[in-house]
Amino acid sequence: MVVASSWMYFIFFSCSFSLIPTPIWGLNVTGILSHYPDLSDFTALLTSTGIYADLDRRTSVTILAVPNAHLRTPSFPAASPATLADVVRYHVLLQYLSWPDLRRTPPAGSLVTTLFQTTGRAPSDFGSLNLTFNPSNGVVSFHPPNNNTVSANVLYLLKTVPYNLSIFTVDSLLIPCGFDLMASETLPPPPPLNITRALIGGHDFNVAASMLVASGVVEEFEADEGGAGITLFVPTDEAFANLPATVQLPALPAELKSLVLKFHVLHSYYPLGSLQSIVNPVQPTLATEDNGAGSYTLNISRVNGSVAINTGIVQAVVTQTVFDQKPVAIFGVSNVLLPREIFGKGEGVSLGGRSSPGKSGVPSVGAQPPEIRTAPETSPDTGYGGPNHLSSPQGQISSRGGAIAGLVADVLKIN
């Protein structure tokens, strides 16, 4: 009887773990689509626009693939690369949908978020699609939420991998609200990202935003958005609250405070997938440019499916994607990145958790990679890509409200 119970226990947990979604990057979406010649144009667009890389960090998506005959419209080839990318994003749904799921759609329809919504360029919920099902004829359709007269009907299910990936073909190209494919080449480029607004809108990066404003370096960061772009690692409010008393950032001279902030920025755009597969783990920062090669570098590596960042005395991990749209990527990190050039010669730095002596004699902090969260939906009043909220545990920061308020007040006095 005991043996039978043990086997039932084992089988139950084995089945439970088998249902845990796996990352899409292990499925090679473009490789699957390449076996269907009628989808060659759509597959080429996924590759040329780089959307396939955006799928790397997703665990559940549904792709609405458009066959060549429906994709080769007179206006579509004339669209700019940026417009093409957003149109393709509009065909990637951020949840797994099976045939039964589609047929269970209520009569009023169901709103489904697309990858385009995460860019911050979709006003209101116009980055979503309305899913409808007609029980009288069995037709499943998708259409923009503000326009029921334009729709794409599902033709057939091409591929399903429960509960990670579904690929359906549709009979029409879906165009987001406000897009004019013929006029897209003459449209002005989107305005630069307001980094401070993006962070304040997240409600979890108030200390970092205050430091950027008080030091003035945010203007330099935004000026660097052109060219190769930039990647920012932004500590959460909790990360600042967890700094020990021996680390007094507000007390540092202005030039050192600026170096600490620049130490959190790479002078190149790296989406999450690129960080996870980075070839050279030792990366220079903006602080390196001010102090010479070999100084103020970060060691970036992949650990347990997450991205670990080691400064030589502190290790942090990427906890969430705040914004990710070329040429700017902003990631939340679990610890303040302390450069050894400034903090590696003191009596020691301890940020809690497990630590071990580093080369400089300063304890280095380990961090277990948490679940990486992606940027949620955005609102039009936040500007280009500025999120109006971020996914974070409820009450996590509110319990530290007084401490965070004090930190912000101290930071505003640092100059």
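Please refer to the structure higher up on the page.
Here we summarise the structure given alongside this text. The shown structure was predicted, so the numbers you read here are calculated from the model rather than taken from an experiment.

Reading guide: rules and limits
Residues numbered from 1 in each chain as written. Predicted model: local features only at pLDDT ≥ 70, side-chain atom pairs only at ≥ 80, totals over all residues. Heavy atoms only, no water. Helix = DSSP H or I, 4+ residues; strand = E, 2+ residues; numbered from the N terminus. Buried < 20%, exposed > 50% of the residue type's maximum accessible area, 1.4 Å probe, protein only. Contact = heavy atoms within 4.5 Å. Areas by Shrake-Rupley, 256 points an atom, 1.4 Å probe, with all protein chains shown as cover. Core = buried A, V, L, I, M, F, W, Y, C linked by side-chain atoms within 4.5 Å. Arc of directions from axis to C-beta. 1 Å grid on protein atoms, 1.4 Å probe; cavity = no way out; pocket = protein on both sides within 12 Å on 5 of 7 lines; lining within 4 Å. Points joined across faces, edges and corners; volume = space filled by probe spheres on them. Nonpolar A, V, L, I, M, F, W, Y, C, P; charged D, E, K, R; others polar. Polar contact = N/O pair within 3.5 Å; in protein donor to acceptor, adjacent residues only side chain to side chain. Pairing = 2+ DSSP bridges. Salt bridge = Lys/Arg side-chain N within 4 Å of Asp/Glu carboxyl O.

### Some details on the overall build of the chain
- When helices and strands are counted, the chain shows 16 helices and 16 strands.
- By residue count, 49% of the 415 residues in the chain fall in the buried class.
- Counting only contacts in the chain whose residues sit at least 6 apart along the sequence, the fraction spanning at least 24 positions is 67%.
- Of the roughly 18,700 Å² of accessible surface on the chain, 58% is carried by carbon and sulfur atoms.

### Quick word on the nonpolar core
- By size, the foremost hydrophobic cluster in this structure holds 57 residues, and its most contacted members are Ile195, Phe221, Phe233, Leu249, Ile330 and Phe343.
- Not counting residues up to four positions away in its chain, the partners in contact with phenylalanine 221 are Ile195, Leu212, Ile230, Leu232, Leu261, Lys262, Val265 and Leu286.
- Among the nonpolar cores identified, the runner-up in size contains 43 residues, and Leu39, Leu55, Trp99 and Leu165 belong to it.

### Some details on helix H3 (residues 40-48)
- All buried positions along H3 are accounted for by Phe42, Thr43, Leu45 and Leu46. Around the axis of H3, the buried residues are gathered within 155° of arc, so they sit on the same side.
- In this fold, the buried residues of H3 make contact with helix H2 (29-33), helix H4 (51-54), strand E1 (61-65), helix H5 (68-71) and helix H6 (81-89).
- Glycine 50, located one to two residues past H3, shows a positive phi value of around 80°.

### Some words on unusual backbone geometry
- Going from proline 162 to tyrosine 163, the amide bond is cis rather than trans, its omega being -5°.
- As for its placement among the helices and strands, tyrosine 163 is situated in the loop between strand E6 (152-161) and strand E7 (165-170).
- Despite not being glycine, tyrosine 296 shows a phi value in the positive range, around 50°.
- Considering the arrangement of structural elements, one finds tyrosine 296 in the loop between helix H14 (286-291) and strand E11 (297-303).

### Some remarks on empty space enclosed by the protein
- For the structure on display, the rule yields one cavity of 30 Å³ or more.
- Size it by volume and the largest cavity reaches roughly 120 Å³.
- Together, 15 residues line the largest cavity, and Leu212, Phe233, Pro235, Leu261 and His264 are the ones closest to its centre.
- Of all the secondary structure elements, the ones that give two or more residues to the lining of the largest cavity are helix H9 (206-215), strand E8 (230-235) and helix H12 (254-262).
- Tallying contributions element by element places E8 first for the lining of the largest cavity, with four residues.
- Among the residues forming the lining of the largest cavity, the class breakdown is 14 nonpolar, one polar and no charged.

### A short note on the side chain of asparagine 130
- Within the fold, asparagine 130 resides in strand E4 (residues 128-134).
- The buried category is assigned to asparagine 130, whose relative accessible area is 14%.
- At 3.4 Å, the side chain of asparagine 130 and the backbone nitrogen of serine 110 are in polar contact.
- When near neighbours in sequence (up to four residues on either side) are disregarded, asparagine 130 contacts Ala108, Gly109, Ser110, Leu111, Ser141, Phe142, His143 and Pro145.

### A look at the pairing of strand E12 (residues 306-310)
- Among the five residues of E12, four are classified as buried, and the element is accordingly described as predominantly covered.
- Alignment of E11 against E12, held across five bridges, turns out to be antiparallel. When the bridges of E12 are listed, isoleucine 300 appears paired with isoleucine 309.
- The sheet contact formed by E12 and strand E13 (residues 315-325) spans three bridges and is antiparallel.

### Regarding the sheet that holds E7
- Overall, mixed pairing links the seven strands, which are arranged E2-E1-E7-E6-E5-E4-E3 in an open sheet. Each end of this open sheet is capped by a strand with a single partner; those strands are strand E2 (92-93) and strand E3 (110-113).
- Note that E1 and E2 share two bridges and pair antiparallel. When the sheet's bridge partners are listed, isoleucine 63 is paired in E2 with valine 92.

### Quick look at the pattern of salt bridges
- Under the defined criterion, the tally for this structure stands at two salt bridges.
- Two residues, aspartate 86 and arginine 89, come together in a salt bridge whose shortest N-O distance is 2.9 Å. You can see aspartate 86 and its partner arginine 89 sitting in helix H6, three residues apart, about one turn around the helix. Here the two residues aspartate 86 and arginine 89 agree in accessibility, since each one is buried.
- A salt bridge links aspartate 101 to arginine 104; its shortest N-O distance comes to 2.6 Å.

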